[in-house]
Amino acid sequence: ILLLNRMDEFLSRLDLENPRDAIDKISSRFGACGSDPVFGLQVSENVLEISECIYLIVNKVLRGSPKLNSAVSLLRDLSKLVPGGSSLLTDVLATVDIETSCAATENNAKSERDTFLQLLSDLQADLNEADLAERLDLDTLEHLGQIKSTELFNKRYIKTRTKLYYKQQKFNLLREENEGYAKLLTELNQDLNNWLTPKQFVSNMKSLIGKFNLDPNRVVDVMLEVVECQPDLEYFVAESFSEMGIESSQISQTLGFKFRQFKGGINQTLETPASLLYLLGLLFGNGVIAIDDVYPHLSPPDKEMLDVHKKYVINCRQAARKMTAVVLSEKIAEDNVKELESLRTPPEVGDNQKLGLVEQLLNMGDWEHAKAVIDRLPPNYANNFGNVNHYTCRLLHYIIEPLFKTVYKNSGAALPTPTMSFEFKSRFVPPQVTEFSGLTGAACELVVSLGPSLSADPILYVKLIRLCQEFLKTYSDKPEKTPAQMEVYRTILTMLDVALLPSLALMGATCYYSELLWSVLQHLPYQDRYHLYYLWKTQAYSVDPQMIIRKAEVTDKIKYFMKRLSKDTIKSMGRHIAKLAFSNPLITFDHVIEQLQKYDNLNAPMADVLKMFSQLSIDALIYTLVEGLSDTNKSKINQANASLSPWLNSLATFTGLICKKYTFDTSGLLQYIANQLKANSNFDLVVLKELLSKMTGVTVFEDVTNDELFALGGGELLRSEAAFQGQVRQCQKSARRLKDVMVDQNVSFPLCMLLANHRNSIVFEEGIEGHLKLIGSLYDQSQDCFVQMTEFLELNLTLEEMSSLPVFDKLLSEFGLSPDAAFTLSRMKFQRQINLKFEELKQEERSKVEDGKLTDKVIVKKYKEAVDSVMEPVQTASVPVLRAQNILFDHVSDQFYFTFWSLSLYDIRVPVDVYEKERNRLETQVSAVDSKNEWSESRKNKEREKVKSMIEKLKEEQQKQLEHVTRVMFRLKSESKNWFPSKTAKSDCIMRLQQFCLFQRCLFSASDAIFCALFIKIIHSLSTVNFSTILCFDRVFSELIYSVASFTENEASRYGRFLYAMWEIILKWHSDKEVYTKECASYPGFYMTIRKDANSTKTETILEYENFRHVCYKWQFKVARDLIQCLESKDYIQTRNTLILLTRMLPFFPKVTHLGEAIVRRIEKVQADEKNNRPDLSSLAMGYLVKLKTHKSKLINEEVFHDKKDETTKKEKIKAHEAQLSRARAAAAANAKRASKESSREPTPSGANAGSKLVNGAAAAAAASANHAAPPTTGVKRSESAGTKSPDKRSASKESSASSDPKKRRLEKNDDAPSKTPHTADDSSKKKKVDRKVKEEAVPSSDDDAGKKSSKKRAKDT
């Protein structure tokens, strides 16, 4: 009290309203006194005085003096005078708080309480919140905002105190029963595995529980803690749990409480100990608990993990989408790259107990339970989060190590260094693999679990590939596979699909891994490889986040490199593209193919770039090509001009280039083309055409020279050097590769048969009816591919390899091939069989001769026997099939039909001129070698020897062909007497020959067109019985309109070559009378049968030379008339085909000046009319006009082409002709009885009547010339004179139908009736008839109404 009074007196002397002055005086007071005189207090005890000072100041404030602001400042300064002044001030305020609180309650002094609270609020910032919360009253704390509500705080405080001091804890019994638990720990920590059994241990445990009243749940917890610290006791404790009868659910709940202490999450700092997770794994392995019991207690929940994984995948896809989008801003592009890079590392998942459990299970080798937990997680979650992949790879290393060492030991190779080996002492590890059959178990499951994450362990990746490679080496060589081997094969496919191929994408740009993986894939058939590629592209890159990111990066880079690829940057850009293709070929080539479809100028640079690629990359390229070709979203037709789309042509060209330059498997590509043909889709034949052209050098061009065309009829060497310009020799390696693939896959002949059948079905396909030009183009393309295939197979296949070709009759009956295609396929087989049989017969005959030499007569005879032995069985088996198809008739013998179709141009003509030109060219090369100064002498000698050797080979080949042609001619001579039955009308023979032989074969190929013309000449030169040469030529040149309207572009070209060869033969006879006399006058083909009336006998006479010249003019006139009519039709097909025919027939047609002028006028009109409408026709017309002008000097006048004499000379000839007829009738009367019997027994051959009509037609043409008939100008009338109205006016198709119709056969018989027109020189009526003929044959002008009507009628008929 004294101290307070003295302090109060001291304060009263101070001006408390002036805090600075007051604090200075207070400070000097306490700092100046060393000790208090009353109490003897030391300076260190000034704390008490300061507290009293503070207390008095606060009370003064409550009474109103000093003011609140001055007091707050003064109290702050006072608290700083001593250490802990803030705590001292808090204590004083707490005391005043109690006083004011009680005073306010008792005395209702609320004003002092309010002032205190205000003072406390102002000082709150300078005081420690913890001190305030500890010392102040609850109401005061509520006022200061330290607690929200006093009432709620009291409730929580009571609960806390009750829980802390009064509630019994479940696991808090160690304090109560120390002795019991001590004995329990002692029991558990002894050497349990040596002498104590689980049963004895459980008995001791029960005694302790009963003696000391221990909690069984706590006992279980203590046992789990012991196993956690000593994992070696896991089996003993597990057996003890079993003896105790504790259920799995009880142990699971105990563990659940343990795991709940460590709730997983990113913000959780307390991680779940690995020992606890390992303990859980041990309990799983020993079967103590089940996964379903403890899994719900683990964190985080599956839904949370699924959401995290989905969000990560979505972010990766969005970032990848941004990378592939077109961005103009560089900053945005850089941001996109950074965003993608940031996603390479998966987001943190914190303490994930489930992943930790998987890691510990894998660490102890318990794959069974680890897989069960992984299957519960979201897909690919374990691979992208945590460290599961590391433990999985360790376990897989351990499992496959024995098999890997065995494989290397058997192969004799040293083990790679460094080697990785791991040891697992747990009882739960799957058994190690010692045989390939063991790969189907846990090893495969581990690989599938790893997936693309296998890339994290390159050594394990290489081990697996080596094992797969070793198995597939032996598996592919075995013809029969056991079920166990097939199961291993399927396992390897699974590993390739899920892990090995996707992992390659994450391995980096390394060629080693790509080539290593190809060593496995090359043993698989292309079907399995392509299926793996499909799954790799469509599934692997769309599921795993790392694969999504990798795909976006590769796509962005390949776009950059392809923009800069050109012929100048092949080396630099090619390396970058190759690096991308090493690990991600499908993504790389997907964009490459897309660019090739747009820009065909990239074909050559990209083909050169492929030399830097691995085999796996090229194989993936072929798959991508097939995928691009089969894209149904792109149209393969260019609707603008009815042609194939440019992108398809570009891919076809690129395919041909790479197939020629590089070695890889083309089985899939060939099978794709075959499948397209099966589906009646022929647009992809352009790929096959390019493939054959580039890889084999065999090309089919219509614009070839005559020398190249005749070279096709030479030997193999001449064909490769002259016909194909050496391309076949340069493509020998690639052609051999293609042949091997076709033979191995057995697609060569099936592909040919598909081409042959598809060629005939093109016209009937749906969807292309309106594109007539496209139909013709596709038909030509199919035909060209078929010819290419047969030519390639003929050059490369052996007779043994041809054994897979079905026999000829089955080709017709079972496979539905047309005869022309069947003969083309079988012809090469027939020739090889004949040659083989011929050599055998010669060898047998030589053995009978002493000197071993055979005469030419014997050789020819043996050749005929060889032909008969090969062809007779074929003919016997095939004739019924052909007759059933209405192909063979009695008008032509079966032997002739098979002879005609089985021979080729090589068999009937030796191209001597071509052989000579080729030898001269090679000799020029020999001379040119000396001028190569930069070459060394050894190189020059080597080149000379090479060329000279080729010259000698050509001589030998020519001689060999000459001997062969001689043998064939002997064969034809011996067979020709039976070709055309004598009882058959000549016109019918010619009709069947034209219908089933000439017309079909001359349209097949250009060489076949030449063959047909030459074979007609051979038939004539062999003096074939019952064959009229002149009638055959007349049929060929008659009614061209119908044929022209039905040709495709290439068929028109081939038929033009056929007509060219026919004109060449005719004009050779026409040009020289001696030649005509030598080659025609004495041959039965030029015999003409003449009758004066129906009752007169027939007389055969030779067609005179001048009459033949008249007939030649008539043919020139008829062809000109028909072609001009086609040009006037305005039809695109007729006009185009006519221009092609005219171009091909130069210089032999037109040969007459006024006919050429008429054609020129009409073509000039076509060229002018079509210049803007159809430019292609205008170009064809212009090209023909240019060529015709070069041959204009070779045109001759009509007077020179054939004689035009006055009427007197003609009358004399007519009188002489009548006298000749009279003598013939007199001779016939002498043998009237015999002649009447013969005429009643056999029908009159129509060929005879045709011959007389042909002569009459020639005479009419001569008369027209004599009367100066106008040349054909713009058109011709359909009708002709009665004298020239012969059976040749009917087309082959009309005659075919007429022969099957009795009514039409009667009409044909009437046509064959003898002419009743007598040839009287003085008869004026005859002159009128001749004049009428001239008028009918003259071409009316375009202004003639009748001509116009006739033209319209002809167009309609056409």
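Residues numbered from 1 in each chain as written. Predicted model: local features only at pLDDT ≥ 70, side-chain atom pairs only at ≥ 80, totals over all residues. Heavy atoms only, no water.

## Here we look at the nonpolar core
Core analysis: the biggest nonpolar cluster contains 351 residues, and Met606, Ile658 and Phe1058 have the highest contact counts within it. Tallying contributions element by element places helix α55 (residues 1105-1128) first for this core, with 13 residues. Residue contacts for Ile658: discarding those within four places in its chain leaves Ala607, Leu610, Leu621, Ile622, Leu625 and Phe664. Counting 39 residues, the second-largest nonpolar core is a separate cluster that includes Leu14, Ala22, Ile57 and Phe116. (Core = buried A, V, L, I, M, F, W, Y, C linked by side-chain atoms within 4.5 Å. Buried < 20%, exposed > 50% of the residue type's maximum accessible area, 1.4 Å probe, protein only. Helix = DSSP H or I, 4+ residues; strand = E, 2+ residues; numbered from the N terminus. Contact = heavy atoms within 4.5 Å.)

## Here's the deal with the side chain of Asp780
As for its position among the elements, Asp780 is in helix α41 (residues 772-796). Beyond its immediate sequence surroundings of up to four residues, Asp780 is in contact with Thr1048, Glu1049, Asn1050 and Glu1051.

## Here we look at unusual backbone geometry
Put simply, Leu1146 and Pro1147 share a cis peptide bond, and its omega is 0°. Along the polypeptide, Pro1147 turns up in the loop between α56 (1132-1145) and α57 (1153-1169). Cis geometry is found at the peptide bond from Phe1149 to Pro1150, where omega equals -5°. Of note, Pro1150 is situated in the loop between α56 and α57. Although it is not a glycine, Asn380 adopts a positive phi angle of roughly 65°. Here Asn380 shows up in the loop between α20 (367-376) and α21 (381-384). Owing to a relative accessible area of 23%, Asn380 belongs among the partly exposed residues under this scheme.

## Digging into the packing of aromatic side chains
A full pass over the atoms with the stated rule returns 54 aromatic pairs. Ring geometry for Tyr312 and Phe385: centres 6.0 Å apart, planes at 65°, overall edge-to-face. Within this pair, whereas Tyr312 is found in helix α17 (residues 302-324), its partner Phe385 is found in the loop between α21 and α22 (388-411), the two being separated by 73 residues in sequence. For the pair Tyr312 and Phe385, one class covers both residues: buried. Taken together, a centroid distance of 4.7 Å and an interplanar angle of 10° make the contact between Tyr475 and Tyr489 stacked. Of this pair, Tyr475 sits in helix α24 (residues 458-477) while Tyr489 sits in helix α25 (residues 483-505), placing them 14 residues apart in sequence. Like Tyr489, Tyr475 is buried. Lying across the ring of Phe1011, Arg1001 places its NZ or CZ 3.8 Å from the centre. (Phe/Tyr/Trp six-rings, centres within 6.5 Å; stacked < 30°, edge-to-face > 60°. Lys NZ or Arg CZ within 6 Å of the ring centre and 35° of its normal.)

## Points about a positive patch on the surface
Together, Lys571, Arg575, Lys579 and Lys611 give the surface a local cluster of positive charge. Within the secondary structure, Lys571 sits in helix α29 (residues 570-583). (Patch = residues over 30% accessible without salt bridge, like charges linked within 9 Å, V, L, I, M, F, W, Y side chains within 5 Å. Areas by Shrake-Rupley, 256 points an atom, 1.4 Å probe, with all protein chains shown as cover. Salt bridge = Lys/Arg side-chain N within 4 Å of Asp/Glu carboxyl O. Lys, Arg positive; Asp, Glu negative; His and termini not counted. Charge placed at Lys NZ, Arg CZ, Asp CG, Glu CD.)

## Observations concerning helix α58 (residues 1175-1190)
Taking 1.5 Å of rise per residue, 16 residues should cover 22 Å, and α58 covers 23 Å from first to last C-alpha, within 8% of that figure. Among all positions of α58, only Leu1177, Ser1178, Ala1181, Tyr1184, Leu1185 and Leu1188 are buried. Viewed end-on, α58 has its buried residues packed into an arc of 125°, placing them on one side of the element. Of the residues in α58, the exposed ones pointing more than 90 degrees away from the buried face are Ser1179 and Thr1190. In this structure, the buried side of α58 is in contact with α56 and α57. (Expected span 1.5 Å × (residues − 1). Arc of directions from axis to C-beta.)

## As for α20
Helical periodicity: at 3.6 residues per turn, an α-helix aligns residues three or four positions apart in one direction. Along α20, the positions that sit buried rather than exposed are Trp367, His369, Ala370, Val373 and Ile374. When α20 is viewed along its axis, its buried side chains cluster within an angular range of 165° and face the same direction. Facing away from the buried side of α20, by more than 90 degrees, are the exposed residues Glu368 and Asp375.

## Regarding the pattern of salt bridges
Tallied over the full model, the rule gives 50 salt bridges. Between Glu794 and Arg719 there is a salt bridge; the shortest N-O distance is 4.0 Å. Residue Glu794 is located in helix α41, and its partner Arg719 is located in helix α37 (residues 716-723); the two are separated by 75 residues in the primary sequence. In this structure, Asp1122 and Arg1121 form a salt bridge, with 3.3 Å as the shortest nitrogen-oxygen distance. Pair check on accessibility: Asp1122 and Arg1121 agree, each one buried. Several salt bridges converge on common partners, so that one network encompasses Arg218, Asp221, Glu225 and Lys258.

## Thoughts on the environment of Leu596
Secondary-structure assignment places Leu596 in helix α30 (residues 585-598). In this structure Leu596 comes out as buried when scored by relative accessible area, which is 0%. C-alpha separation for the pair Leu596 and Leu648, spaced 52 residues apart in sequence, amounts to 9.9 Å. Non-local contacts of Leu596, meaning those with residues more than four positions away in its chain, are made with Leu602, Asn603, Met606, Ser650, Leu651 and Phe654.

## Here we look at the environment of Tyr1087
In this structure, Tyr1087 sits in strand β3 (residues 1087-1090). Residues Tyr1087 and Thr1029, spaced 58 residues apart in sequence, show a C-alpha to C-alpha distance of 8.8 Å. In this structure Tyr1087 touches Ala1081, Ser1082, Glu1100, Thr1101 and Ile1102, once residues within four positions along its chain are discounted.

## Structural notes on the side chain of Ser1053
Inspection of the secondary structure puts Ser1053 in helix α53 (residues 1049-1071). Ser1053 gets classed as buried once you look at its relative accessible area, which sits at 3%. A polar contact is formed between the side chain of Ser1053 and the side chain of Arg1144, at a distance of 2.8 Å. Setting aside chain neighbours within four positions, we find Ser1053 in contact with Glu702, Ile1140 and Arg1144. (Polar contact = N/O pair within 3.5 Å; in protein donor to acceptor, adjacent residues only side chain to side chain.)

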